[in-house]
Amino acid sequence: MNSSYQSLHTHTLYCDGTKSVEDMIKAAIEKGGSSLGFSEHSDVLFDPDYSMTIEDTPVYIDDVRKMQKKYDGEFDVFLGLEVDYFTDYVPSDLDYIIGSVHHVFYKGEFITVDGSAGHVKFITKEHFKGNFYKMAEVYYETLADIINKTNADIVAHFDLVAKHNVDNKLFDDKNHRYVKAALAAMDSILEKCKLFEVNTGAMFRLGNPEPYPSAFLLKELCKRGGEVILSSDSHKPESLYYKFDEVLELVKACGFKHIKRLTKDGFIDVPINN
Ligand SMILES: [Zn+2]
Ligand SMILES: [Zn+2]
């Protein structure tokens, strides 16, 4: 494990994570990492199970800021937030924002697209006449607007809608409708934000062979001048910096010459060696 690794996508007990802020820092140090950013889910009124409440938000901010001071010089801690598309409340004074879409609003209803495989099949049948391409189009149309909505610095899990589509189990990810919808969202986002995370969360949780975005989409992102930063979207210590070595090779193979890293002076380029 390379000691320079950083992941800015970390969840704790303030939302759907399993450990405290400090426990995650200690685990990251044990794993030989040098930096961690915290990114609890912002308040989503219609889906309170996984998001942090507005009341808890200042407590979270205070906790992370204290840890930032405590570990200063030893380990870099950053304060972020994973801001959902459907959030009204975003506090100021954050080090960065990750923008994400977990739901779509379609025909008057909020629909979660980030569920189990069974749930994804169910919502597709229930709301999109069983057509995964229609579901994906609505997801990417929503995501296309993520920067306008959240003012994010980093785009989260770009192709989340393909979470359960390993080996094209649900749909053909080279189908023109799917590719067109994904690339239109990418182009729209790139007008305002260049930085996308390469997220290994589902590689850890589901054993998926590829990160978000997939290699195909990473190549397209590289061609279009996008930038990447690695993240493990960790909800537990075991997943911190998960498969970063392997994914860095993939990022390089997709054409990227450097990845981004957050420092006290902002985002910098870190060349991919060898
Ligand atoms: Zn997320
Ligand atoms: Zn997350």
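Everything numeric in this text was worked out from a predicted model, so none of it was measured.

A short note on the overall build of the protein
Argument step 1. Tallying secondary structure elements over the protein gives nine helices and 11 strands in all.
Argument step 2. On C-alpha atoms alone, the protein measures out to a radius of gyration of 18 Å, which is about the 19 Å that the 2.2 N^0.38 rule sets for 274 residues.
Argument step 3. The principal-axis extents of the C-alpha atoms in the protein amount to approximately 55 × 45 × 35 Å.
Argument step 4. The buried share of the protein, reckoned over its 274 residues, is 58%.
Argument step 5. Long-range pairs, those at least 24 residues apart, make up 69% of the contacts in the protein with a sequence separation of at least 6.
Argument step 6. Of the roughly 12000 Å² of accessible surface on the protein, a fraction of 50% belongs to carbon and sulfur atoms.
Argument step 7. Distance between charge centres in the protein, computed from 31 positive and 44 negative side chains, equals 5 Å.

Quick word on the side chain of Arg261
Argument step 1. As for its placement among the helices and strands, Arg261 is situated in strand 10 (residues 258-263).
Argument step 2. Here Arg261 sits buried without a salt bridge, and the closest side chain of opposite charge, Asp76, lies 4.4 Å off (N-O distance).
Argument step 3. At a separation of 2.9 Å, a polar atom in the side chain of Arg261 contacts the side chain of Ser34.
Argument step 4. In contact with Arg261, other than residues within four places in its own chain, are Ser4, Tyr5, Gln6, Ser34, Ser35, Asp76, Ile229, Gly266, Phe267, Ile268 and Val270.

Observations regarding helix 4 (residues 132-143)
Argument step 1. Taking 1.5 Å per residue as the helical rise, helix 4 with its 12 residues ought to reach 16 Å, and the 16 Å between its terminal C-alpha atoms agrees with that figure.
Argument step 2. Along helix 4, 10 of the 12 residues are buried, which leaves the element largely enclosed by surrounding structure.
Argument step 3. Three or more residues of helix 4 are buried, namely Phe132, Tyr133, Met135, Ala136, Glu137, Val138, Tyr139, Tyr140, Thr142 and Leu143.
Argument step 4. Summarising the contacts, the buried residues of helix 4 are in contact with strand 5 (103-106), helix 3 (117-128), helix 5 (146-150), strand 7 (154-155), helix 6 (176-190) and helix 8 (215-223).
Argument step 5. Capping of helix 4 at its N-terminal end is provided by Asn131; its side-chain oxygen lies 2.9 Å from the backbone amide nitrogen of Tyr133.

Notes on the coordination of the zinc ion (ligand 2)
Argument step 1. Around the zinc ion (ligand 2), the protein supplies His9 (NE2), His11 (NE2), Glu82 (OE) and Asp233 (OD) as donor atoms, at distances of 2.0 to 2.7 Å.
Argument step 2. Considering all four donor atoms around the zinc ion (ligand 2), the spread of angles at the metal, 74 to 161°, places the coordination shape in the irregular class.
Argument step 3. Linear spacing of the donor residues for the zinc ion (ligand 2) on their chain is H-x1-H-x70-E-x150-D.
Argument step 4. We classify His9 as buried; its relative accessible area is 0%.

Thresholds applied
Residues numbered from 1 in each chain as written. Chains lettered and ligands numbered in written order. Predicted model: local features only at pLDDT ≥ 70, side-chain atom pairs only at ≥ 80, totals over all residues. Heavy atoms only, no water. Helix = DSSP H or I, 4+ residues; strand = E, 2+ residues; numbered from the N terminus. Rg over C-alpha atoms; globule rule 2.2 N^0.38 Å. Buried < 20%, exposed > 50% of the residue type's maximum accessible area, 1.4 Å probe, protein only. Contact = heavy atoms within 4.5 Å. Areas by Shrake-Rupley, 256 points an atom, 1.4 Å probe, with all protein chains shown as cover. Lys, Arg positive; Asp, Glu negative; His and termini not counted. Charge placed at Lys NZ, Arg CZ, Asp CG, Glu CD. Salt bridge = Lys/Arg side-chain N within 4 Å of Asp/Glu carboxyl O. Polar contact = N/O pair within 3.5 Å; in protein donor to acceptor, adjacent residues only side chain to side chain. Expected span 1.5 Å × (residues − 1). Donors = N, O, S within 2.8 Å, 3.2 Å for Na, K, Ca; no water. Tetrahedral: all angles 85-135°; square planar, octahedral: opposite > 155°, others 65-115°.

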